[in-house]
Amino acid sequence: MDKVLDIKNSSVLENSPLGVGGVSAALLTYTDKGLYCQQGGFYIDPWGAVDKAIITHAHSDHARWGSNHYLCHHLTKPLLQLRLGNNNYQSTTWGEPVYINGVKISLHPAGHIIGSSQIRIEYNGEIWVVSGDYKTENDGLSGAFEAVKCHTFITESTFGLPIYKWQPQAIIYQQIQQWILENQANNTSSVLIAYSLGKAQRVIEAAATITNNIYVHGAIWNTHETLLNTGIHLPTVKKVTPETTKAELKNAVIIAPPSADGTPWMKKFQPYKVGVCSGWMQVRGNARRRNVDAGFSLSDHADWPGLLQAIKATQAERVLVTHGFQAVLSRYLTETGIEAYEINTPLMPPTPKGEEE
Amino acid sequence: MINETSNNSQLQNFPLGVGGFLDGGFSLFSSLVNILGTSTKNTEKLNALQHYFSTASDKDKVWVIAIFSGRRPKRIINSTILQQWCVELIDLPLWLFEESYHTVGDLAETIALLLPPKPPTPKGESQSGLTLSHYLEEFIRLEKAEEPIKKDFIITTWMQLSQEERFVFNKLITGGFRIGVSQKMMVNALAKTTKIEASTIAHLISGNWQPANINFADLLNPNMVSKDDSKPYPFYLAYALEDDPQNFGNITEWQAEWKWDGIRGQIIKRNGELYVWSRGEELMTDKFPEYLILKTLLPDGTVMDGEILPMQDLQPLPFSLLQTRIGRKTITKKQLQEAPIGFFAYDLLEYNTTDIRTKPLQERRLLLENIINSTLAGNQLLANTIQLSPTIQATSWDELITLRQGSRDMGSEGLMLKRKSSPYQVGRKVGDWWKWKMEPMVIDAVLIYAQKGHGRRSNLYTDYTFAVKDGDRLVTFTKAYSGLTDKEFNEIDAFVKANSLEKFGPVRTVKPELVFEIAFEGIAASARHKSGVALRFPRMNRWRKDKKVDEINTLEDLKNMLRIYGNKKDGK
Ligand SMILES: [Zn+2]
Ligand SMILES: [Zn+2]
């Protein structure tokens, strides 16, 4: 039933672009360095060093070090500088075309994190869109997801199962606020675990409506400073430093990345409770396994209805599914009459420390 | 029967039937379950229970006591049908439901996550009927109803509830309410809210009562105990002794007995009737016709504590034989012959209609011996069935340690040490009673199949099947799920995912590489198992990272263990 494009097999790679018949010229193929546009001679979110890289967003599983030229959104550039150092960056704004070897490229809001973009490429009337990571709910920070019409849509599927249905952001924010207030009433600090780029900024916004006593981990602090310098408005936060006293941290809200969870760094927040903000918290077993006090299903990825809605809105003739539950989502799309293929990417190196989604 | 532990002043302090407001209903219960299920701290759980017992309606409280003490109404529908109704309702293909279930690992939760959102309650319509007791009493009412009626009830209810409440409701249907709360903790919370002593509460909520037919005030009224002839006493449980009893003082202060591998039971004779209770608080009188003769022989007002176990000519037989008896609704003559059940009595809780639990053990033991001897006098038939559990005579700890080495030859698992001056307490208490089990038997084996766990481990491969060597072949002989740390489980999970050879449904065949030391308490011959043996309480003792597959034990080693420690009789 499912069709799997075997991209491990390099002979298939060379003579069969992702098109499986019908489509004349594929605009993108998977190579051992990732998604490649032969006509334009560039890669999208490559896994290794290449000459020309277009970057959807600054998360570490998408933006990697070592390429000669980078193209990204204006708001992504300072984040790449922060994370990858100085490189040859070219940035652009949403909807403004850039041409490389005659291939028309434009970036469109993906709603995932600040600066995150879908990549639209057009050549000889053929249009492909690479979603990167995306979410369909407007979080007020990342820009509203834009449905871009295309022939072929390459979609992510991190939460591609019908059990993943998010509550509106306002409700999750309320739950987080409620939890902080309860902790404060019990003289307990609230440690919120969130990815430092994307989730952390949303959690800071949620917390800032009820308290101005917000501390952040160094990694989040650096991101915060970078974003402020870029001109993004964010609430005021304080950095946890060795000089920060226990008294200052009493009853505070502390935002930390997953890598800090359970480390001695958290010692001086005692007494505290830990709340994890992640779409994975939707399933109880995950929350319990991580032994957290509270789990908030706050995600920067589209939920199941969001994925289906976005895919339909592109009116794509063909959908290629990657990054998550590709087998499930491609099978479901096929059964509902949308031509879809599962893209397995066994060559992709793992995300460092599993830090980001 | 006179209850020596009850005390009149407590009665006056207890606001019978006063407490409890009626709102909150099912949502109050579901948030209680949520806290109990997610909290990692016992004090928080205790507080949540206390809060519940001081705010919920009396009717719901009775049901909470019932559920947390294992008195759930019978299951009205099986999982397959429940799943089917959900699939119909959500309009998704079955395979997608199954994929979801596979990821979540819990049926009740999968359904709660997949159902369409609850429609808004029309203005002016009250939600007050939605109480825990309402739903559970509907379960009882609909037990024998036609399927469409049950379906209508369940779907209507789903549509009344929020996602969290649906999860709890589904759990009530599917059972497996293994949320992080012990009966002991519930009893403690009740004790704090009602100001009745915990041991009294444990006694009051034991035995035979129907949550639908009793009110909260009567259930927790110390004077009501005497009205129920069948009511057992809460069992006193021993702690495991880790070291040798070096600092236990003079051995003459202790009574040593064999530790039997059966089911802890209470035999009650009151007002001409006989009742047999298991430690799981199940009334099992009808399961053991062997004991029936006691109805005429035992004096009224007698309660004995002891071990229900298969035995012949006073020799214990494998535990598996007992299992063949418990599972049956009716017992045939053949089963009575093949799996004869006896009783080793080791304590007396009620004598001459008086609760004697506060008397010291040595006094209770004398009274017990008295009863057994006078009851047994001249009754040869009974002598094969009911026996005093013998005490072991030793004049020094060293002598006792030597005697303990012979435990397995006696068909026992080790020793029990009980302080002669000890009262019969309630629940698990440190200090006076100890179980001093033999070291477990161990065998090194390789992991060859893995399956995802449930609940907390729903996304990890944590259920394993192990094999020993038989020449060039690997022969499976046991499953095991417990004994490792979360970190080790994560490590094995990663190995399983990277080294799967085949997939059969949820089971993966794993490259035979990881070696574990499997510990177990007993071994018996079994025709059902490929290896020909069945283990008792198998668990992963440790991960032998230092061993390779060709260093594991062999089927021959297992068979040798069976020859030495197994009983001849087969538990087919
Ligand atoms: Zn990603
Ligand atoms: Zn991302």
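Provided above is the structure to which this section pertains.
The paragraphs below set out a description of the structure included in this document. (Residues numbered from 1 in each chain as written. Chains lettered and ligands numbered in written order. Predicted model: local features only at pLDDT ≥ 70, side-chain atom pairs only at ≥ 80, totals over all residues. Heavy atoms only, no water.)

**Regarding the packing of helix α2 (residues 25-38) of chain B against helix α4 (residues 58-68) of chain B**
All names here are of chain B.
- At their nearest, the axes of α2 and α4 sit 11 Å apart, and the two run at 35° to each other. Judged by the twist between their axes, the crossing of α2 over α4 is right-handed. For the pair α2 and α4, the contacting residues are G25, F29, L32 and L36 in the first and D60, V64, I67 and F68 in the second.
- Considered class by class, the residues forming the contact of α2 with α4 number six nonpolar, one polar and one charged. (Axes fitted to C-alpha atoms, helices over the stretch in contact; angles between N-to-C directions. Helix = DSSP H or I, 4+ residues; strand = E, 2+ residues; numbered from the N terminus. Left-handed = near helix turned anticlockwise from the far one by under 90°. Contact = heavy atoms within 4.5 Å. Nonpolar A, V, L, I, M, F, W, Y, C, P; charged D, E, K, R; others polar.)

**Considerations on the interface of chain A and chain B**
- Counting residues at the interface gives 22 residues for chain A, matched by 26 residues for chain B.
- Summing the contributions of chain A and of chain B, the shared interface buries around 2,200 Å²; its carbon and sulfur component is 54%.
- Linking chain A to chain B there are two salt bridges.
- Measuring nitrogen to oxygen at the nearest pair gives 2.0 Å for the salt bridge that ties E44 of chain B to K273 of chain A.
- Inspection of the chain A/chain B interface yields six residue pairs in polar contact (both at pLDDT 80 or more).
- Secondary structure elements with two or more residues in the side of chain A that touches chain B: α7 (284-289) and α9 (326-335) of chain A.
- Here the side of chain A that touches chain B takes five residues from α7 of chain A, the largest share from any one element. (Buried area = accessible area lost by both parts, 1.4 Å probe. Salt bridge = Lys/Arg side-chain N within 4 Å of Asp/Glu carboxyl O. Polar contact = N/O pair within 3.5 Å; in protein donor to acceptor, adjacent residues only side chain to side chain.)

**Concerning the environment of N124 of chain A**
- Looking at where N124 of chain A falls in the secondary structure, it is placed in the loop between β10 (117-123) and β11 (126-130).
- Relative accessible area serves as the criterion here: at 73%, N124 of chain A is assigned to the exposed category. (Buried < 20%, exposed > 50% of the residue type's maximum accessible area, 1.4 Å probe, protein only.)

**Some points on the pairing of strand β6 (residues 302-312) of chain B**
All names here are of chain B.
- Judged by how many residues are buried, β6 sits mostly within the fold: ten of eleven residues are covered.
- Two strands pair when backbone bridges link them, and β6 and strand β8 (residues 341-351) are joined in this way by eight bridges, in the antiparallel orientation. Its bridge partner being in β8, E307 is matched across the sheet by F344.
- In the sheet, β6 pairs with strand β7 (residues 315-316) via two bridges, with the strands oriented antiparallel. Residue pairing across strands places M311 opposite P316, the latter belonging to β7.
- The turn joining β6 and β7, which pair antiparallel and follow one another in sequence, is formed by two residues; a positive phi near 50° is taken by D313. (Pairing = 2+ DSSP bridges.)

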